[in-house]
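What the coordinates show
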Amino acid sequence: MEFTALFLAIVVAMLVAWYGSRTLALSLFAAVLIGCVATFLHHATDALKLSF
Amino acid sequence: MTSQRAIALNVLALYALAALLAAAFAAQFILGELPCPLCLLQRIMFALLAIGPILNIRFGPRPSHYALSLLAAVVGAAVSTRQVLLHITPGDPGFGTALFGYHYYTWALIGFIAAIVLLSLVLLLDEQFEKDPAAYSAPDVIAHVAVWLVIGLTVANVASTLLECGFKACADDPVVYELLKR
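Residues numbered from 1 in each chain as written. Chains lettered and ligands numbered in written order. Predicted model: local features only at pLDDT ≥ 70, side-chain atom pairs only at ≥ 80, totals over all residues. Heavy atoms only, no water.

Facing the 35 residues of chain A at the interface are 49 residues of chain B. Contact between chain A and chain B buries roughly 3,800 Å² in total, counting both sides, with carbon and sulfur atoms accounting for 81%. Sorting the residues of chain A by area buried against chain B places A:Phe7, A:Met14 and A:Trp18 first, and these three jointly supply 23% of that buried surface. Counting across the chain A and chain B interface gives 0 salt bridges. Counting the contacts that link chain A with chain B gives 6 residue pairs in polar contact (both at pLDDT 80 or more). Residue assignment for the side of chain A that touches chain B shows that the elements contributing at least two residues are helix H1 (2–19) and helix H2 (22–43) of chain A. In terms of residues, the side of chain A that touches chain B owes the most to one element, H1(A), which gives 15 residues. Residue composition of the side of chain A that touches chain B, by class: 26 nonpolar, 5 polar and 4 charged. (Contact = heavy atoms within 4.5 Å. Buried area = accessible area lost by both parts, 1.4 Å probe. Salt bridge = Lys/Arg side-chain N within 4 Å of Asp/Glu carboxyl O. Polar contact = N/O pair within 3.5 Å; in protein donor to acceptor, adjacent residues only side chain to side chain. Helix = DSSP H or I, 4+ residues; strand = E, 2+ residues; numbered from the N terminus. Nonpolar A, V, L, I, M, F, W, Y, C, P; charged D, E, K, R; others polar.)

Residue and element names in this part refer to chain B. In this structure the tally under the stated criterion is 5 aromatic pairs over all chains. Where Phe46 meets Phe112, the ring centres are 4.1 Å apart and the plane angle is 10°; that geometry is what we call stacked. In this pair, Phe46 sits in helix H2 (residues 37–49) while Phe112 sits in helix H5 (residues 104–123), placing the two residues 66 residues apart along the sequence. On the basis of relative accessibility, which here comes to 3%, the residue Phe46 falls in the buried class. (Phe/Tyr/Trp six-rings, centres within 6.5 Å; stacked < 30°, edge-to-face > 60°. Buried < 20%, exposed > 50% of the residue type's maximum accessible area, 1.4 Å probe, protein only.)

All names here are of chain B. Tallying each qualifying case throughout the model produces 1 salt bridge over all chains. A salt bridge links Lys168 to Glu178; the shortest N-O distance between them is 3.4 Å. On the criterion of sequence distance, the pair formed by Lys168 in the segment after helix H6 (141–165) and Glu178 in the segment after H6 is long-range, its members being 10 residues apart. Residue classification places Glu178 among the partly exposed positions, given a relative accessible area of 22%.

Attention shifts here to a negative patch on the surface. A grouping of B:Asp126, B:Glu127, B:Glu130 and B:Asp132 is seen on the molecular surface, where their side chains present a negatively charged patch. As for its placement among the helices and strands, B:Glu130 is situated in the loop between H5 and H6. (Patch = residues over 30% accessible without salt bridge, like charges linked within 9 Å, V, L, I, M, F, W, Y side chains within 5 Å. Areas by Shrake-Rupley, 256 points an atom, 1.4 Å probe, with all protein chains shown as cover. Lys, Arg positive; Asp, Glu negative; His and termini not counted. Charge placed at Lys NZ, Arg CZ, Asp CG, Glu CD.)

Further remarks concern H2(A). Residues and elements named next belong to chain A. Taking 1.5 Å per residue as the helical rise, H2 with its 22 residues ought to reach 32 Å, and the 31 Å between its terminal C-alpha atoms agrees with that figure. Restricting attention to buried positions, one finds in H2 the residues Arg22, Ala25, Phe29, Val32, Leu33, Cys36, Thr39, Phe40 and His43. Relative to the axis of H2, the buried residues are bounded by an arc of 125° and lie together on one face. Exposed positions of H2 whose direction lies more than 90 degrees from the buried face are Thr23, Ile34, Leu41 and His42. Its side-chain oxygen 3.0 Å from the backbone nitrogen of Leu24, Ser21 forms the N-cap of H2. (Expected span 1.5 Å × (residues − 1). Arc of directions from axis to C-beta.)

Let us now look at the packing of helix H4 (residues 63–86) of chain B against H5(B). All names here are of chain B. Two numbers describe how H4 lies on H5: the axes approach to 8 Å, and their chain directions differ by 155°. Considering their axes alone, H4 and H5 lie roughly antiparallel with respect to each other. As for the relative orientation of H4 and H5, their crossing is left-handed in sense. Contact residues: H4 offers Pro63, Tyr66, Ser69, Leu70, Ala73, Val74, Gly76, Ala77, Ser80, Thr81, Gln83 and Val84, while H5 offers Tyr105, Thr106, Ala108, Leu109, Phe112, Ala115, Ile116, Leu119, Ser120, Val122 and Leu123. (Axes fitted to C-alpha atoms, helices over the stretch in contact; angles between N-to-C directions. Parallel < 35°, antiparallel > 145°, perpendicular 65-115°, else oblique. Left-handed = near helix turned anticlockwise from the far one by under 90°.)

Helix length check: H1(A), at 18 residues, gives a terminal C-alpha distance of 26 Å against a target of 26 Å (1.5 Å per residue), a fit within 8%. Listed in full, the buried residues belonging to H1(A) are A:Phe3, A:Thr4, A:Leu6, A:Phe7, A:Ile10, A:Val11, A:Ala13, A:Met14, A:Val16, A:Ala17 and A:Trp18. Contacts made by the buried residues of H1(A) are with H2 of chain A together with H2, helix H3 (51–59) and H6 of chain B.

When the sulfur atoms of two cysteines share a covalent bond, that bond is a disulfide. All told, the structure shown has 2 disulfides over all chains when counted by the stated rule. The disulfide partner of B:Cys36 is B:Cys39, and the gap between their sulfur atoms is 2.3 Å. When the S-S torsion is 80°, as for the bridge of B:Cys36 with B:Cys39, the disulfide is right-handed. A single burial state applies to B:Cys36 and to B:Cys39, both of which are buried. For B:Cys165, the disulfide goes to B:Cys170, at an S-S distance of 1.5 Å. Judged by the sign of its S-S torsion, about 40°, the bond between B:Cys165 and B:Cys170 is right-handed. Here the two residues B:Cys165 and B:Cys170 agree in accessibility, since each one is buried. Sequence-ordered numbering of the bonded cysteines in chain B gives a pairing of 1-2, 3-4. Free of any disulfide, A:Cys36 has its nearest neighbouring cysteine sulfur in B:Cys170, separated by 14 Å. (Disulfide = S-S within 2.5 Å.)

Okay, here's the thing in structure tokens:
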């Protein structure tokens, strides 16, 4: 569900970048980027097996 | 490099991103492999990378627009590096089918690093940032098609992700579209 929301938010940011105000597009970009980092940190919980 | 040439380069970048998103879809539907959460996040970072070029085409090239794409590429590289490290141990078959010897996430890491290098190189060309209103012209048909291609593919990803995950958290190793399950 969170990925659908992120894709949808990017579509909105793209449409604003193409038709709307630059400031709003930059703000939406920042919000989506923060959402992406939060989603990444939420999913990156498995321990990495790097000792071989 | 003039402002017009920089805009042409940004249009080309949008076509490259559209091709990449289309290739991911092709792998999903032709091979029947559903993308995992980290794979979806990498697609999202490629789509987010497209906002910088869209702003450059609409408002003219600015360092801040390139900075947006750089930020998206750095986060994308971090996500794909993590997935590469998850499957780095000997004997691990990796996630999904390999394409030309590399899995999708390895190709994604190569793509994000290439984007960081190319964006840094384009940022070195100061001439594109000189303000010359006479040199600016409205986006042409090729630019409009590039923008709408990327927007269309991102909308397709909204639909595909909704079908795959439904209205709950995505499975770590998805094998079935949740909304099509009987």
